[in-house]
Amino acid sequence: METFESLIWGAVLRGSQCLLQAAPYIVTGLVTAGIFQRLLGHEGMRRLFGYGTRRAIPQAWLVGMLLPICSLGVIPVAREMRRAGLSGGTILAFALAAPLFNPLSLLYGLTLSEPFTIFAFGFCTLIVVTVVGLIWDWLFPNSSVAEEAPQPVPQGLRRMLAVAVVSAREIAGPSLLFVVVGVLGVVALSCILPHASLQRTMSHENPWAPLLMAAIAVPAYATPMLAMSQLGSIFQHGNSVGAAFTLLTLGAGTNLGLVLWM
């Protein structure tokens with residue numbers, strides 16, 4: 001009984017920690033979705049992401065790298081991109097790239113590891129999201145479905161309030177469900193994994209370490225700053241570099257809620 005009670009309270013604690021860590025990034029994602037809809041509009045979003053051009057996917061990677069949002073906060077932004085009629089590959093590339101790096105986490109990473117390693121990881125993420133985006137567009141060539149653009153709002157305070165309304169509707173709508181699913185993945189993982197199990201299995205001598213990390217990284221969830229600190233810890237303790245890259249791309253780049261939405 002005591003063990004079960006400890007498990008329950010441990011899960012509640014881990015879920016609460018996850019929400020507190022993700023809260024600033026989720027708010028940023030909600031505000032970004034509101035700005036995309038009310039300030040940029042559908043045409044502005046298409047220009048921003050190079051709609052209909054060959055540079056659309058790399059451009060989505062670049063835009064994503066500049067925004068400080070996590071894999072939970074990127075969900076309302078990705079939903080807004082779909083309303084604008086962007087291709088599924090472009091949306092997927094942005095959704096995977098945005099949680100990985102931003103200017104702050106990149107600078108933080110440079111203090112924890114060699115600059116070559118951090119920039120190499122960044123370049124490899126470009127390759128990964130480009131390949132994944134191209135495969136998605138090849139498998140689902142007609143996945144873009146544009147919705148009717150909302151009525152424009154006059155400039156000034158009303159437009160700022162309209163951004164807030166869009167953000168509130170997103171967090172009170174389907175985006176909330178996907179965020180909850182993402183947090184539940186973290187809670188479930190904390191109940192399943194034995195204590196300190198990753199320290200024993202992610203050694204650089206274990207050739208299966210990247211695959212083992214891939215199996216648990218999606219529900220693990222990590223904010224960009226947390227993922228960067230974990231990368232530094234992995235390097236310091238001599239763990240698998242492949243597992244570190246998997247943790248970055250899947251642990252920070254995805255969660256169960258984002259996978260459910262996709």
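Draft legend 1. View of unusual backbone geometry. In the Ramachandran plot, Tyr 221 falls in the positive-phi region, its phi being about 60° despite a non-glycine side chain. As for its position among the elements, Tyr 221 is in the loop between α10 (209–220) and α11 (224–236). You can call Tyr 221 buried: its relative accessible area is 4%.

Draft legend 2. Region of interest: the packing of aromatic side chains. Evaluated as defined, the whole model comprises 4 aromatic pairs. Aromatic side chains Phe 36 and Phe 49 sit 6.0 Å apart centroid to centroid with 80° between the ring planes, which places their arrangement in the edge-to-face category. Note that Phe 36 is positioned in helix α1 (residues 2–48) and Phe 49 in the loop between α1 and α2 (56–66), a separation of 13 residues in sequence. With a relative accessible area of 5%, Phe 36 lands in the buried category. Plain terms: the ring middles of Trp 136 and Phe 140 are 5.0 Å apart, the flat faces sit at 50° to each other, and that makes the pair tilted. A relative accessible area of 25% means that Trp 136 is categorised as partly exposed. Ring pairs connect the aromatic residues Phe 36, Phe 49 and Phe 94, which therefore count as one cluster. Positioned above the aromatic ring of Tyr 51, the side-chain terminus of Arg 46 is 5.8 Å from the ring centre.

About the criteria used
Each chain has its residues counted from 1, following the order in which its sequence is written. Selection of residues for local features in this predicted model requires a pLDDT of at least 70, selection of side-chain atom pairs for listing and counting requires 80 or more, and totals for whole chains, interfaces and linings are taken over all residues. Based on all heavy atoms of the structure, the side-chain values leave hydrogens and waters out of the count. Only DSSP runs of H or I reaching four residues or more are called helices, and only runs of E reaching two or more are called strands; each is numbered from the N terminus. Exposure classes here rest on a 1.4 Å probe applied to the protein chains alone. A residue is buried below 20% of its type maximum, exposed above 50%, and partly exposed in between. Any two rings among Phe, Tyr and Trp, with Trp reduced to its six-membered ring, count as a pair given centres within 6.5 Å; such a pair is stacked if its planes are under 30 degrees apart, edge-to-face if over 60, and tilted if neither. A positively charged side chain is recorded as over a ring if its NZ (Lys) or CZ (Arg) lies within 6 Å of the ring centre. The angle to the ring normal must also be within 35 degrees.

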